[in-house]
Amino acid sequence: MGLFSADAARDPSSEKAGKRDPRQELTMEGRKQALKSPQKLSLLSSPVRAAIRLRRTAHAFKKNFLPGDSKAKLLQRQISLGKARLGSASTSLLSQASFESSQYFTFDTSVQEPSTRSSKRRKRSKNPRVLYPGNSRKYLPAEHKSKAKRCLLLLVGIVCFQILNAIENLDDNLLKYDLDGLEKTMHREVFGQALAVESIVALLKDYLATHIHNKPLVISFNGPSGVGKSHVGWLLAKHFRSVMGHNSVLHYFAMHHCPDSASTSACQQDLSKTISEMVTQAEIEEKIPVFILDEVEFMSTALLETLGGFFQTNQTNEFLNAVYILISNLGGNEVANVLLQNASGDLLQPQKKVELLQAALRPVLDQVHPLWMLAEIVPFVLLEKSHILSCFYEEMMSEGLYPDPSHVESLASQINYYSQGGQQYAITGCKQVIAKVNLL
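Quick notes on the rules
Along each chain, residue indices are assigned from 1 in the same order as the chain's sequence is written. Only residues with pLDDT of at least 70 are given local features in this predicted model, and only at 80 or more are side-chain atom pairs given and counted; all residues enter the totals for whole chains, interfaces and linings. To get the side-chain values, all heavy atoms of the structure are used, and hydrogens and water are removed first. UniProt positions are given in the numbering used here, feature names are shortened, and annotations may be inferred rather than shown by experiment. Runs of H or I in DSSP of at least four residues are treated as helices and runs of E of at least two as strands, each being numbered from the N terminus. Burial classes follow relative accessibility: with a 1.4 Å probe on protein chains only, a residue under 20% of its type's maximum area counts as buried, one over 50% as exposed, and anything between as partly exposed. Here, residues are in contact when the closest pair of their heavy atoms is within 4.5 Å. Polar contact is defined as a pair of N or O atoms within 3.5 Å, subject to the rule that within protein one atom must be able to donate a hydrogen and the other to accept it, and that residues adjacent in sequence are counted only when both atoms are side-chain atoms. Working convention: axes come from line fits to C-alpha atoms, limited for helices to the stretch in contact. Angles between N-to-C directions cover 0 to 180 degrees. Orientation is classified from the angle alone, with under 35 degrees giving roughly parallel, over 145 giving roughly antiparallel, 65 to 115 giving roughly perpendicular, and any other angle giving oblique. Crossings are assigned a handedness: left-handed for a near helix turned anticlockwise from the far helix by less than a right angle, right-handed for a clockwise turn. Every helix has an expected span of 1.5 Å times one less than the residues it contains. Residues enter a nonpolar core if they are buried and are Ala, Val, Leu, Ile, Met, Phe, Trp, Tyr or Cys, with the set joined through side-chain atoms within 4.5 Å.

The name that an unreviewed UniProt entry assigns to the chain is Torsin-4A isoform X2, with the source organism given as Podarcis lilfordi. What UniProt records for the chain under Subcellular location (unreviewed entry) is the sentence "Membrane". UniProt's Sequence similarities (unreviewed entry) comment on the chain is quoted here verbatim: "Belongs to the ClpA/ClpB family. Torsin subfamily."

Below, the structure written as structure tokens:
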């Protein structure tokens, strides 16, 4: 009885009033079994008695649990480790882990981890953090800038700079030749040829904008007599001589420079030498020479052959940088016929009219010589009566005469005209104007 009272004093949980749970009853049953042989226990020392009592208590717990119960296995494991406690402490350990072996006082390496840890691992697996295998970094690696990208950007910048520089050079070349001033002069002094003037200026601007070409520029002025072709050639020669000098411009008249057909070979040599010298000198001075050849219809076939040789593309660079202007009355009848046939209605737009005239001129010129296949054809149209009046006013003012309107109208009525579609077109253009003004 003294042993029981001592045990009861050691276990403060038994003193609690109120209801008892099954775990406390198991503890009390183990103690009752220990009291069956008080005489034997009294003969042993207190440490030995404590060990025997602990073993009996464990044996009682084992009987009350099933053989495969995880709680029993947990208790056995705790007893083997010397950490078993009675009461509520032991029951809390039973609910934390499970063991596979039921051996006493041994270390079992095949122990399964508590279920609480697996649940924690599952929760951690849901963590969105990404660990990179290199250095287990939790942040994105820094992007390495490619040197090739920098080189590409540098190359793009250089190309853009070169394009801007080329555009500035184009503007500088056009300013050097003053083509805008040339256009204003021709519009002011040439009557009835607005389409021809615009075509000439456009061709010159495209060609003279740069100094590198793969072929020379060849322009052919074709149309009836007296419509302003030679006058435009004279204006071009005057303008380019003023901006480039006399050594870069040649104004060649076939009837004047080569009047005798017997001296064709001499004319060939002279023309070839003149062109070669001017081209060479212009290349040194970084200029583009201009050759204005008038009265081309009077040139012999041999002279045209010599001239056509300079139009080819298989030449040295200096001969590719040149402008040739051919002036002739070839195809004048074809131009007059096309205009008269389409004068009855306003069916022809300016561009359509130019295309029809070029289509009519091309076969005629190709029959004369193949060199016109390399030329840009600019047709000159017939002049109307209003244009003839303007020619009389301009000529009389240049001669110092007062242009009386009635007098001018009388002089203009003496010119022969084509009458078609309510319009009057001068047959000979302004060619007779100078002669009639000189008679005043």
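Draft legend 1. Broad picture of the environment of T306. Assignment of secondary structure puts T306 in helix 14 (residues 301-309). Classification of T306 by relative accessible area gives buried; the value is 16%. Taking C-alpha positions, T306 is 8.7 Å from Q269, a pair spaced 37 residues apart along the chain. Contacts of T306, omitting those with residues within four sequence positions, involve Q268 and S272. A polar contact is formed between the side chain of T306 and the side chain of Q268, at a distance of 2.7 Å.

Draft legend 2. Broad picture of the packing of helix 13 (residues 264-284) against helix 14. Running from N to C, helix 13 and helix 14 point in directions that differ by 20 degrees, and their axes come no closer than 9 Å. Judged by the angle between their axes, helix 13 and helix 14 are roughly parallel. Viewed along their axes, helix 13 and helix 14 form a crossing whose handedness is right-handed. Here T264, C267, Q268, L271, S272 and I275 of helix 13 lie close against helix 14, whose contacting residues are A302, L303, T306 and L307.

Draft legend 3. Inspection of helix 11 (residues 229-244) at higher detail. Its 16 residues give helix 11 an end-to-end C-alpha distance of 22 Å, which sits within 8% of 22 Å, the value for a rise of 1.5 Å per residue. Within helix 11, the full set of buried residues consists of K229, V232, G233, L235, L236, A237, H239, F240 and M244.

Draft legend 4. Highlighting the nonpolar core. Formed by 46 residues in total, the largest nonpolar core has its most connected members in M186, L204, F221, L236, F240 and I388. The leading source of residues in this core is helix 10 (residues 194-208), at seven residues. If we skip the residues at most four places from it in the chain, I388 touches L383, A412, I415, Y417, A426, G429, C430 and V433. By size, the runner-up hydrophobic cluster in this structure holds 40 residues, among which are L271, L303, L339 and L357.

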